[in-house]
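Close look at the chain arrangement
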Amino acid sequence: MTMTAQSMTIIEQKMRETAKSLLLEKKVDMIIGYKVGTLPLRITPHFIKNQDNVSELVWNEYCDLNLVNFIPKPMLKKEDGTKEKIGLILKNSDIKSLVVLINENQVKRENIIIIAMPDMNFIDRKKIEHELGDKEIIEAEISEDEIKVTGYNFEKTFKKADLKFNMGGVKGDEKPTIYDYIIENPNPSPVDHEKYETEEFKELFEFEKKTPEEKWEYFKSELSKCTRCYACRNACPLCYCKLCFVDSNQPQWFSKETDVSENMLFHIIRGIHLAGRCVGCEACTRACPEGVNLQLINKKLRKSVKDRWNFEAGINIEEPNPLGNYKLNDPQEFIIEED
Amino acid sequence: MTKKIISKSELNSIIMSLSKEYDLYAPALGKTENSLKYIELSSDNYEFPEFQNTRIPPKDILFPRTEELFSYKNLPDGNIEIEEPQEEKKEKIIFGIRSCDARSFKLFDIFFDAGKYSDYYYFKKRNRTIFIGMACNQPFTTCFCTSVKGDPFSKEGLDIQIIDLLNETYLIIGITEKGEKILSKITIGREPSQEELNKVSELAEESKNRIKLNIELGDIKEKLDNLYESDIWESDTQKCLGCGSCTFICPTCHCFDVQDQSNAEGGKRIRIWDSCQFPMFTKEGSGHNPRNFKKQRMRQRIYHKFNFYLSNYDCIGCVGCGRCIRACPSCGDVRQTLELITQKVGGN
């Protein structure tokens, strides 16, 4: 949903107050939030232990990193032997990935204090970077509907509506499943749920209209850009295996060279490992230095899981992932005659 | 030192004619991206673009991401037949590189030249390569070459330098014997006037002044010698994802892994880029990992470039191009780290 600058300032203020009181009352040992980055339209994760630093926390429409990824694993222990409590400033899509982590016993709910932030139209900086190519943004001016970027010998205005992306399939006015504190939008605008449904998988529907040859060419060209830096895997909060399949060398499952077929294998297998778990936060796509369209594979798998088992990751903290579990009424049209 | 003035169209025609005789790499748009890359020119229709610097450095021309060292076939009698990769026929020209990238190849030369154990694969290509640079008139806000003993108009590492005089003409300067040999084949162009030569120093000064950041790194090695156990490595690294994007996009990073791939018929040995930011980089056969924690790996990266290189080779292992800052998904900034280090006094 769109949000006025005024609402954003109010929300930022409330966020800082909440963070400050949590640190003062010693309800948390550390807060993880966002700070302004050294480049325009960029934020960087901020880790604060002192209430005097809360004024450095920011909230804006380019807070795209998934901060759940920065939860220390294992949680650090204090001097008295108990685990530290971490306060996290999370968007709805980030909270969904936290739900999956808790469900998978990677994080204990009681060690996390969630400050849930309201949803809004986040800006996909990859779209701006793609438009500008190598040009550097020296200054960015954000207004109600537009972003104007200026650099050496150029100026370009983008409409925010063209830059938004729908993280985590979040509808815009839903409350997150779990939270401890919630900062709400003081002026929420009504949300068209049906529009969100079609928007979320629009790219997928358009893509599925292509012929198999066109799809193959698309993936070949996208995945030949991949340099196997594993930024996608490292930025993903749900890729937490101590030894990733791609790093295994006894046996080595496939090559580390940047051959397009090896790249495809890596992304497809990682996709399958995330099926039923990926919440669509798009941290992978944001992190990719080459601008590969990674979220398309995960989006397809999310839709497939939803269609087949009516399951969406990150909603129900108790319900196990259908690919890691079975129910007696799971569809089995591949083996028996079903109605 | 040959010096000539040429026009923009003459520049493009020189590039085109050189590309017929040499494997010429120049900044051009790739097939799918909207950003420039140093790629081998194949069309007849090339125009040297206006740009500040490419996102990806030209290091993969001489140090490919994946390089076959040799391949082998299994013979029926149990022996193997080794095949070396084809000899490079033509010489290469890397055209239009900025001074920072030219300097990065000098650093590669230093690293790969280990006397008796010099890297055959790198030098095989490098010794057949001619570097033609384009001086940098408009550094990025993230550039800091002047802090690491570089300069936007530096001739270091170049065989020929071209300077854009910002009025649709260019000054070409021959620097080395290799460069002069090429210039001797170019018949177009005219003698520069004194005014034009004076303009070069003006442009050089203006470009240098555009670089806002100037960190005093004269004693960075000594400062780092005292900061090994500092807590800045913990706090500065919390936001790091360990993704390795910085190392892949860095023009001076050169770490690699060697792997063998084989099947029933034979196989090949390949060299691939590796990153010190990956935990597996230092994992030993015993299972022990001396750099098991992210902060140790980040510390190592900074030390490698700003301390070990100075100890081993008496030069800084960073060219100040700032690409790592733009590539980092967490907006990590090496300039901030360097400022933190230089501001720390004593051992804490």
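Everything that follows concerns the structure shown earlier in this document.
As a starting point, this report considers the structure included with it. (Residues numbered from 1 in each chain as written. Chains lettered and ligands numbered in written order. Predicted model: local features only at pLDDT ≥ 70, side-chain atom pairs only at ≥ 80, totals over all residues. Heavy atoms only, no water.)

Focus on the side chain of K256 of chain A
Within the secondary structure, K256 of chain A is located in the loop between α8 (231–235) and α9 (260–274). A polar side-chain atom of K256 of chain A sits 3.1 Å from a polar atom in the side chain of D247 of chain A. Discounting chain neighbours no more than four positions away, the residues touching K256 of chain A are R228, Y230, V246 and D247 of chain A together with Q259 and I272 of chain B. (Helix = DSSP H or I, 4+ residues; strand = E, 2+ residues; numbered from the N terminus. Polar contact = N/O pair within 3.5 Å; in protein donor to acceptor, adjacent residues only side chain to side chain. Contact = heavy atoms within 4.5 Å.)

Topic: the sheet that holds strand β11 (residues 266–273) of chain B
Residues and elements named next belong to chain B. Taken together, the four strands give an open sheet; going across it, the order is β5-β4-β11-β10, and neighbouring strands pair in antiparallel fashion. Strands with a single pairing partner mark the edges of an open sheet, and in this sheet they are β5 (80–83) and β10 (256–262). Across this sheet, the average inter-strand angle for adjacent strands is 20°, counted without regard to direction. Relative to β11, β10 runs antiparallel, the two being bridged by seven bridges. (Pairing = 2+ DSSP bridges. Axes fitted to C-alpha atoms, helices over the stretch in contact; angles between N-to-C directions.)

Concerning empty space enclosed by the protein
All names here are of chain B. Taken as a whole and judged by the stated rule, the model has 17 cavities of 30 Å³ or more. Taken as a whole, the largest cavity encloses approximately 310 Å³ of empty space. Contributing to the lining of the largest cavity are 22 residues, with C246, M298, C328, G332 and D333 lying nearest its centre. Those elements that provide at least two residues to the lining of the largest cavity are α9 (245–249), α10 (294–313) and α12 (334–343). (1 Å grid on protein atoms, 1.4 Å probe; cavity = no way out; pocket = protein on both sides within 12 Å on 5 of 7 lines; lining within 4 Å. Points joined across faces, edges and corners; volume = space filled by probe spheres on them.)

A few points about the interface of chain B and chain A
Taken together, the contact between chain B and chain A spans 42 residues of the former and 41 residues of the latter. Together, the buried faces of chain B and chain A total about 3600 Å²; carbon and sulfur atoms form 53% of this surface. Broken down residue by residue, the surface that chain B buries against chain A is led by Q238, L241 and C331 of chain B, which jointly contribute 15%. Our enumeration of links across chain B and chain A arrives at two salt bridges. (Buried area = accessible area lost by both parts, 1.4 Å probe. Salt bridge = Lys/Arg side-chain N within 4 Å of Asp/Glu carboxyl O.)

Observations concerning the packing of helix α7 (residues 212–223) of chain A against α9 of chain A
Residues and elements named next belong to chain A. Packing of α7 against α9 brings their axes to within 9 Å, and their N-to-C directions diverge by 95°. On the basis of the axis angle, α7 is roughly perpendicular to α9. Residues W216, F219, K220 and L223 of α7 form the contact with α9, whose own contacting residues are V260, N263, M264 and H267. A per-class count over the contact of α7 with α9 returns five nonpolar, two polar and one charged. (Parallel < 35°, antiparallel > 145°, perpendicular 65-115°, else oblique. Nonpolar A, V, L, I, M, F, W, Y, C, P; charged D, E, K, R; others polar.)

Quick look at the nonpolar core
Core analysis: the biggest nonpolar cluster contains 135 residues, and I31, W59 and L98 of chain A together with L11, I93 and F95 of chain B have the highest contact counts within it. Ignoring sequence-local partners within four residues, the contact set of I93 of chain B consists of L18, Y22, D23, L24, Y25, I130, I132 and I182 of chain B. (Core = buried A, V, L, I, M, F, W, Y, C linked by side-chain atoms within 4.5 Å. Buried < 20%, exposed > 50% of the residue type's maximum accessible area, 1.4 Å probe, protein only.)

Some remarks on the environment of F111 of chain B
Residues and elements named next belong to chain B. Mapped onto the elements, F111 comes out in helix α3 (residues 99–112). Residue F111 is classed as partly exposed on the basis of its relative accessible area, which comes to 26%. In sequence terms F111 and Y313 are 202 residues apart; their C-alpha atoms lie 8.5 Å from each other. Apart from residues lying up to four places away in sequence, F111 is in contact with H254, Y309 and Y313.

Comments concerning the pairing of strand β7 (residues 129–134) of chain B
Residue and element names in this part refer to chain B. Burial of β7 is extensive: six of the six residues sit out of reach of the surface. Every second residue of β7 is oriented toward a common face, with T129, F131 and G133 on one face and I130, I132 and M134 on the other, all of them buried. As defined by bridge partners, strand β6 (residues 92–97) adjoins β7 across five bridges and the pair is classed as parallel. Across the sheet, the residue bridging to I97 is G133, located in β7. Bridging between β7 and strand β8 (residues 160–164) involves three bridges; their strand directions are parallel. The partner of I132 across the bridge, within β8, is I160.

Observations regarding unusual backbone geometry
Residue and element names in this part refer to chain A. The peptide bond linking Q250 to P251 adopts the cis configuration, its omega dihedral lying at 5°. Inspection of the secondary structure puts P251 in the loop between α8 and α9. In the Ramachandran plot, N153 falls in the positive-phi region, its phi being about 65° despite a non-glycine side chain. Considering the arrangement of structural elements, one finds N153 in the loop between β7 (146–151) and β8 (154–159).

Some words on the packing of aromatic side chains
We describe a pair of aromatic rings using the distance from one ring centre to the other and the angle between the two ring planes. Under the defined criterion, the tally for this structure stands at 30 aromatic pairs over all chains. Its end group placed over the ring of F122 of chain A, K91 of chain A keeps NZ or CZ at 5.6 Å from the ring centre. Cation over ring: R299 of chain B sits above Y228 of chain B, and NZ or CZ is 3.7 Å from the ring centre. (Phe/Tyr/Trp six-rings, centres within 6.5 Å; stacked < 30°, edge-to-face > 60°. Lys NZ or Arg CZ within 6 Å of the ring centre and 35° of its normal.)

All we've got here are geometric facts, nothing functional implied.
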